[in-house]
Amino acid sequence: MDGLKDLSTDDLIELASRFRLQGGVVSAEPFGNGNVNDTFLLNSDTGNRYTLQRINHDVFKDPVSLMDNFARVTRHLSQKHADGQTTLSTLVLVPALDGSSYITGEEGNYWRVTEYVPNGLSLEVPQSREHAYEAARAFGDFQYQLRDIPGDPLIETIPDFHNTESRYHAFLRAVEADLCQRASEAADLISFAKENEHLATLIRYANFPTRTVHNDTKLNNVLLHETTGVGLCVVDLDTVMPGCALHDFGDLVRTAACSSEEDEPDISQIHFLPDRFSALVEGYLCGVCDLLESVEVEHLAEAPQVITYELALRFLTDFLLGDTYFKVKRPGHNFERARAQFQLLRSMQEYASQMKSTVSSCLTADPA
């Protein structure tokens, strides 16, 4: 019944009825533009709104442990908010009728429901320096609040997720195999990727403190208040797990200090934005407080290049393998994504020395 191509509104309403919602669901519609999971907005007859989401178990191989992570993180952040330790709210899981945090469908799909976050603004590209600052402060605070999450470490929902060296070798294998006969079309991108191989080993996870981090800090994964612009809530928590703080900072810079969306087909429109980068450094350092060690701070300026390179490799690899991981909206979509990210990397490299100076200036600035 829950094969996605065949899902009707009635099917979605039936799935929703298996959760402890306030009122009955009267409508369900696709929501958001995530690359992996499938999300639907539910409206109830009481005026309450919810998000129903299918966990992509082809990507997340252990949905049960993923949901254990999700529940632990949201409980911890909710308590922090209640205690006044953070102004950020957090996602609220709606339990299933049996008390579980998820349900399973007839075709092996896993579904969850969270309360809809009102007044949230989700951005694909930055609209102001203030928005960049607030997004970075929110993600920094998110890391800081999770520094003392109790219990055993969270499980790795995708092992080696930000292992750039491993991603590079997967890319080389895809080039060699050329399963879809696409390597010739991507020859220029393949050459550029190989020329920048040094980035694959610049930030190795094992060389830095292990922290509980988000791992997918695109700008659209933090909600800002639609009126005030203040950081409201960090979302998309499926990749919250042990990792490196630098990957979170770098990925936010990749999307929030760029002039265009990550799949912009006209690469002449893609530029790194140094002023936005300055706001991101300031906001992140404010949010993360005194959490970072010197070895992390020393690599803040390089992290955006590494993560941009990594994602470009992933897009290009998926293109070469036939678009098996990321959702695509049109033929060549992953090729366009890879080309856009490599163009952003080129622009970042032009500002590399300025980025280092910006970090130094922010560290020595008077907080007052």
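Look above for the structure.
Residues numbered from 1 in each chain as written. Predicted model: local features only at pLDDT ≥ 70, side-chain atom pairs only at ≥ 80, totals over all residues. Heavy atoms only, no water.

### What to know about the overall build of the protein
Here is step 1 of the chain: Per the secondary structure count, the protein includes 11 helices and 10 strands.
Here is step 2 of the chain: Along the first, second and third principal axes, the C-alpha set of the protein runs to 60 × 55 × 40 Å.
Here is step 3 of the chain: Counting the 368 residues in the protein, one finds 56% classified as buried.
Here is step 4 of the chain: Long-range pairs, those at least 24 residues apart, make up 74% of the contacts in the protein with a sequence separation of at least 6.
Here is step 5 of the chain: When the accessible area of the protein is evaluated, it comes to approximately 16,000 Å², of which 48% is carbon and sulfur surface.
Here is step 6 of the chain: Between the centroid of the 30 positive side chains of the protein and the centroid of its 55 negative side chains there is a distance of 1 Å. (Helix = DSSP H or I, 4+ residues; strand = E, 2+ residues; numbered from the N terminus. Buried < 20%, exposed > 50% of the residue type's maximum accessible area, 1.4 Å probe, protein only. Contact = heavy atoms within 4.5 Å. Areas by Shrake-Rupley, 256 points an atom, 1.4 Å probe, with all protein chains shown as cover. Lys, Arg positive; Asp, Glu negative; His and termini not counted. Charge placed at Lys NZ, Arg CZ, Asp CG, Glu CD.)

### Some thoughts on the pattern of salt bridges
Here is step 1 of the chain: Scanning the model with the defined rule gives 15 salt bridges in all.
Here is step 2 of the chain: With a shortest N-O distance of 2.9 Å, R254 and E262 are connected by a salt bridge.
Here is step 3 of the chain: A residue is classified by how much of its surface remains accessible, and E262, at 18% relative accessible area, is buried.
Here is step 4 of the chain: Residues joined by salt bridges that share partners form a network here, namely R129, D275, R276 and E282. (Salt bridge = Lys/Arg side-chain N within 4 Å of Asp/Glu carboxyl O.)

### Description of the sheet that holds strand β4 (residues 103-104)
Here is step 1 of the chain: Pairing is antiparallel in the open sheet, where 5 strands are placed in the order β1-β2-β3-β5-β4. Two strands lie at the open edges of the sheet, namely β1 (25-30) and β4, each paired on one side alone.
Here is step 2 of the chain: Note that strand β3 (residues 49-55) and strand β5 (residues 110-115) share 6 bridges and pair antiparallel. Within β5, the position partnered with I55 by the bridge is Y110.
Here is step 3 of the chain: Its contacts with the sheet place helix α1 (residues 9-16) against β1, β2 (38-44), β3, β4 and β5, and it is angled at close to 115° to β1. (Pairing = 2+ DSSP bridges. Axes fitted to C-alpha atoms, helices over the stretch in contact; angles between N-to-C directions.)

### Remarks on the sheet that holds strand β9 (residues 231-234)
Here is step 1 of the chain: Taking strand neighbours across the sheet as the criterion, the 3 strands line up as β6-β8-β9 in an open arrangement whose pairing is antiparallel. Two strands lie at the open edges of the sheet, namely β6 (120-121) and β9, each paired on one side alone.

### Considering unusual backbone geometry
Here is step 1 of the chain: The phi torsion at D178 lies on the positive side, around 45°, for a residue other than glycine.
Here is step 2 of the chain: Structurally, the position occupied by D178 is in the loop between α4 (164-177) and α5 (187-195).

### With respect to helix α10 (residues 333-350)
Here is step 1 of the chain: The terminal C-alpha atoms of α10, which comprises 18 residues, lie 26 Å apart, in line with the 26 Å expected from a rise of 1.5 Å per residue.
Here is step 2 of the chain: Of all the 18 residues making up α10, 14 are buried; the element is thus mostly covered by neighbouring parts of the structure. (Expected span 1.5 Å × (residues − 1).)

### What to know about the packing of helix α6 (residues 245-256) against helix α9 (residues 303-321)
Here is step 1 of the chain: Two numbers describe how α6 lies on α9: the axes approach to 7 Å, and their chain directions differ by 75°. Put simply, α6 runs roughly perpendicular to α9. Of the residues in α9, those touching α6 at L246, H247, F249, G250, D251, V253 and R254 are A303, P304, I307, T308 and L311.
Here is step 2 of the chain: Grouping the amino acids of the contact of α6 with α9 by side-chain chemistry returns 7 nonpolar, 3 polar and 2 charged. (Parallel < 35°, antiparallel > 145°, perpendicular 65-115°, else oblique. Nonpolar A, V, L, I, M, F, W, Y, C, P; charged D, E, K, R; others polar.)

### Focus on the environment of P95
Here is step 1 of the chain: Within the element layout of this structure, P95 appears in the loop between α2 (63-82) and β4.
Here is step 2 of the chain: You can call P95 partly exposed: its relative accessible area is 30%.
Here is step 3 of the chain: C-alpha of P95 to C-alpha of R20: the two residues are 75 residues apart in sequence and 5.9 Å apart in space.

### Re the packing of aromatic side chains
Here is step 1 of the chain: Under the definition given, this model contains 13 aromatic pairs.
Here is step 2 of the chain: Summarising the aromatic geometry, the rings of F31 and Y116 are spaced 6.1 Å apart at their centres and angled 65° between planes, so their arrangement reads as edge-to-face. Note that F31 is positioned in the loop between β1 and β2 and Y116 in the loop between β5 and β6, a separation of 85 residues in sequence.
Here is step 3 of the chain: Seen from the ring of Y144, R147 lies directly overhead, with NZ or CZ sitting 3.8 Å from the centre. (Phe/Tyr/Trp six-rings, centres within 6.5 Å; stacked < 30°, edge-to-face > 60°. Lys NZ or Arg CZ within 6 Å of the ring centre and 35° of its normal.)

### Examining the pairing of β3
Regular strands place their side chains on alternate faces of the sheet.
Here is step 1 of the chain: Within β3, 6 of the 7 residues are buried, leaving the element largely enclosed by the surrounding structure.
Here is step 2 of the chain: The pairing of β2 with β3 spans 6 bridges and is antiparallel. Bridging from a neighbouring strand, L42 pairs with Y50 of β3.
Here is step 3 of the chain: Counted between consecutive antiparallel strands, the loop separating β2 from β3 contains 4 residues, among which G47 sits at a positive phi close to 95°.

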